[in-house]
Amino acid sequence: MEQYKQEFIEFMVDSEVLKFGEFTLKSGRKSPFFMNAGGYVTGSQLKKLGEYYAHAIHDKYGDDFDVLFGPAYKGIPLSVVTAIAFSELYGKEIRYCSDRKEEKDHGADKGSFLGSKLKDGDRVVMIEDVTTSGKSMEETVPKVKGAADVEIVGLMVSLDRMEVGKGGVKCALDEVHDLYGFETNAIVTMKEVIEHLYNKEYKGKVIIDDTLKAAIDAYYEQYGAK
Ligand SMILES: O=P(O)(O)OC[C@H]1O[C@H](OP(=O)(O)OP(=O)(O)O)[C@H](O)[C@@H]1O
Ligand SMILES: O=C(O)c1cc(=O)[nH]c(=O)[nH]1
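Residues numbered from 1 in each chain as written. Chains lettered and ligands numbered in written order. Predicted model: local features only at pLDDT ≥ 70, side-chain atom pairs only at ≥ 80, totals over all residues. Heavy atoms only, no water.

Here we come to the site of ligand 2. Close to ligand 2 lie Leu25, Lys26, Phe34, Met35, Lys74, Asp129, Val130, Thr132 and Arg161. One nitrogen or oxygen atom from the main chain of Met35 is found 2.8 Å from a nitrogen atom belonging to ligand 2. A distance of 2.7 Å is found between an oxygen atom of ligand 2 and a side-chain nitrogen or oxygen belonging to Arg161. Within the complex, 90% of the 290 Å² of free accessible area of ligand 2 lies under protein. Put simply, the parts of the chain that give the shell around ligand 2 at least two residues each are strand S2 (30-35) and strand S6 (123-131). Grouping the amino acids of the shell around ligand 2 by side-chain chemistry returns 4 nonpolar, 1 polar and 4 charged. (Near = heavy atom within 4 Å. Polar contact = N/O pair within 3.5 Å; in protein donor to acceptor, adjacent residues only side chain to side chain. Areas by Shrake-Rupley, 256 points an atom, 1.4 Å probe, with all protein chains shown as cover. Helix = DSSP H or I, 4+ residues; strand = E, 2+ residues; numbered from the N terminus. Nonpolar A, V, L, I, M, F, W, Y, C, P; charged D, E, K, R; others polar.)

Okay, structure coming up:
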């Protein structure tokens, strides 16, 4: 596994963003792990997070795009920190845009979006923390396409949870690709997280031990891509 992937996994652990326990997901699935991107809270964590995303996006999609779109809520800080990092690292001014979960009915920014207005001809990169079942993309892509005549270049998530989409067979990220025709990529996959943390000491502690690994395996029996 590449060095930056190992560093990113350790960054998630150090930032207490990668959690193990019992969590109910947006899709209703009950998962023994959860990546809480809302847990990046300090200036230096957010700066680093933006840099990881900017590198990954530049690597996969280049810089020929105009807007980073992050779905509410956690996509809002993700798109903001990545737009800052992109300008610092690559000297390219990318605008950020996000949707609102509730429509705003007053002020100069009424409507369902915040940040930059989407314009005809914009090339858009979608940015998310995770795609689990694809539900969020299913809700967001029509909103983005409905706002202007834009082209979605691709989606970047930080963790590919490697779960089936709503079709029940393919990985959700592949399903999103098939459905909408844009590329989907992740900084790291859950397989890489397990490879890096299972039965290995990190800062004096084994984070994924046999018991936790068994719970993760059972989860993948049910929800892993077939
Ligand atoms: O692929 P899916 O099954 O849709 O799951 C992934 C989505 O679920 C979470 O959003 P959520 O709305 O729960 O969180 P937030 O409001 O904290 O961003 C996450 O941020 C993704 O957007
Ligand atoms: O599917 C989800 O709701 C979900 C999974 C995850 O790992 N992190 C998150 O914020 N949401």
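On the UniProt side, "binding site: orotate" (unreviewed entry) is annotated at positions that read Thr132 and Arg161 here. Judged by maximum C-alpha separation, these annotated positions cover 30 residues in sequence but sit close together in space, the widest gap being only 6.2 Å. Given a relative accessible area of 13%, Thr132 falls into the buried group. Contacts of Thr132, omitting those with residues within four sequence positions, involve Leu25, Ser27, Arg29, Arg161, Glu163, Val164 and Ala172. Not counting the four nearest positions on each side in its chain, Arg161 is found in contact with Leu25, Ser31, Phe33, Phe34, Val130, Thr131, Thr132, Met190, Tyr219 and Tyr220. A distance of 2.8 Å separates a polar atom in the side chain of Arg161 from a polar atom in the side chain of Ser31. (UniProt positions renumbered as here; feature names shortened; annotations may be inferred. Buried < 20%, exposed > 50% of the residue type's maximum accessible area, 1.4 Å probe, protein only. Contact = heavy atoms within 4.5 Å.)

Turning next to the site of ligand 1. Looking at ligand 1, there are 15 residues lining it, with Lys101, Asp129, Thr132, Ser133 and Ser136 nearest. At a separation of 3.3 Å, an oxygen atom of ligand 1 approaches a polar backbone atom of Lys135. With respect to ligand 1, the backbone of Ser136 contributes an N or O atom lying 2.6 Å from an oxygen atom. Contact with the protein chains covers 84% of the free accessible surface of ligand 1, which is 500 Å². Those elements giving two or more residues to the shell around ligand 1 turn out to be S6 and helix H4 (135-147).

Take the packing of aromatic side chains next. What the rule picks out here adds up to 13 aromatic pairs. Relative to Phe113, the ring of Phe69 lies with its centre 6.2 Å away and its plane at 80 degrees, an arrangement referred to as edge-to-face. Here Phe69, found in strand S3 (residues 67-69), pairs with Phe113, found in strand S5 (residues 111-115); they are 44 residues apart in sequence, far enough to count as distant. The class of Phe69 is buried, set by a relative accessible area of 0%. (Phe/Tyr/Trp six-rings, centres within 6.5 Å; stacked < 30°, edge-to-face > 60°.)

With that out of the way, let us pick up the sheet that holds strand S7 (residues 151-160). Ordered in space as S5-S4-S3-S6-S7-S8, the 6 strands form an open sheet in which the pairing is mixed. In this open sheet, the two strands that pair with only one neighbour each are S5 and strand S8 (183-189). Taking the axes of each pair of neighbouring strands and ignoring which way they run, one obtains an average angle of 30 degrees across the sheet. Two elements, S3 and S6, share 3 bridges in a ladder whose sense is parallel. (Pairing = 2+ DSSP bridges. Axes fitted to C-alpha atoms, helices over the stretch in contact; angles between N-to-C directions.)

A few words on the packing of helix H1 (residues 3-14) against helix H2 (residues 43-61). One can describe the packing of H1 onto H2 by two numbers: an axis separation of 12 Å at closest approach and a directional angle of 145 degrees. When you trace H1 past H2, the crossing you get is left-handed. Facing Tyr4, Glu7, Phe8 and Phe11 of H1, the residues of H2 in contact are Gln45, Lys48, Leu49 and Tyr52. Residues belonging to the contact of H1 with H2 are distributed by class as follows: 5 nonpolar, 1 polar and 2 charged. (Left-handed = near helix turned anticlockwise from the far one by under 90°.)

One ladder, built from 3 bridges, connects S3 with strand S4 (residues 95-104); its direction is parallel. Paired with Val67 across the two strands is Arg95, which belongs to S4. Here 4 bridges tie S4 to S5, and the two strands are oriented antiparallel to one another. If you follow Lys104 over to S5, its bridge partner there is Gly111. Linking S4 back to S5 in an antiparallel pair, the connection comprises 6 residues, with Gly107 at a positive phi of about 80 degrees.

Right, let's get into helix H6 (residues 190-197). Given 3.6 residues to a turn, an α-helix orients residues that are three or four positions apart in the same direction. Burial analysis of H6 places 6 of its 8 residues in the buried class, which makes it a mostly covered element. Taken residue by residue, H6 has Met190, Glu192, Val193, Ile194, His196 and Leu197 as its buried positions. Where H6 is buried, its residues meet H1, strand S1 (18-24), S2, S7, S8 and helix H7 (210-223). A positive backbone phi angle near 55 degrees is found at Asn199, which sits one or two residues after H6.

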